[in-house]
Amino acid sequence: MRNWKESPSGVSRCHLAELMKTLTQNVTMTRRDFLLSVLTGILGGIILGMLISPRKYMHIGCGNGNIYGLPEEEAEK
């Protein structure tokens, strides 16, 4: 049985409180390091989003027979 202080993920509040105490320290970063950290997070999020998103094999349109720009073999199908 789980303790009432324990969250569904299994991390207790006392562990989180200890973690928050360590986050109060001041850290000095250069602008370059900060920019690279932000860019890494953004690009990593984009790549992760592409990897976990469902594959999109759907056709969006009304299907009214508009075949502009397709080769003749594909247009006749």
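Residues numbered from 1 in each chain as written. Predicted model: local features only at pLDDT ≥ 70, side-chain atom pairs only at ≥ 80, totals over all residues. Heavy atoms only, no water.

The number of helices and strands found in the protein chain is three helices and zero strands. N-terminal to C-terminal, the α/β element order of the protein chain is α-α-α. Looking at the protein chain as a whole, 1% of its 77 residues are labelled buried. (Helix = DSSP H or I, 4+ residues; strand = E, 2+ residues; numbered from the N terminus. Buried < 20%, exposed > 50% of the residue type's maximum accessible area, 1.4 Å probe, protein only.)

Together, V27, M29, F34, L35, L36, V38, L39, I42, L43, I46 and M50 give the surface a local cluster of nonpolar side chains, amounting to about 1,100 Å² of exposed area. By secondary structure assignment, the location of M50 is in helix α2 (residues 31–52). Assessed through its relative accessible area of 56%, M50 is described here as exposed. (Patch = residues over 30% accessible without salt bridge, like charges linked within 9 Å, V, L, I, M, F, W, Y side chains within 5 Å. Areas by Shrake-Rupley, 256 points an atom, 1.4 Å probe, with all protein chains shown as cover. Salt bridge = Lys/Arg side-chain N within 4 Å of Asp/Glu carboxyl O.)

Right, let's talk about the confidence of the model for the protein chain for a bit. Averaged over every residue, the pLDDT of the protein chain is 76; the share at 70 or more is 62%. By mean pLDDT, the top-scoring element of the protein chain is α2 (94), and the lowest-scoring one is helix α3 (residues 72–75) (58). (pLDDT = per-residue confidence, 0-100.)

What follows covers the environment of S37. Structurally, the position occupied by S37 is in helix α2. Of the residues examined, S37 reaches a relative accessible area of 41% and is grouped as partly exposed.

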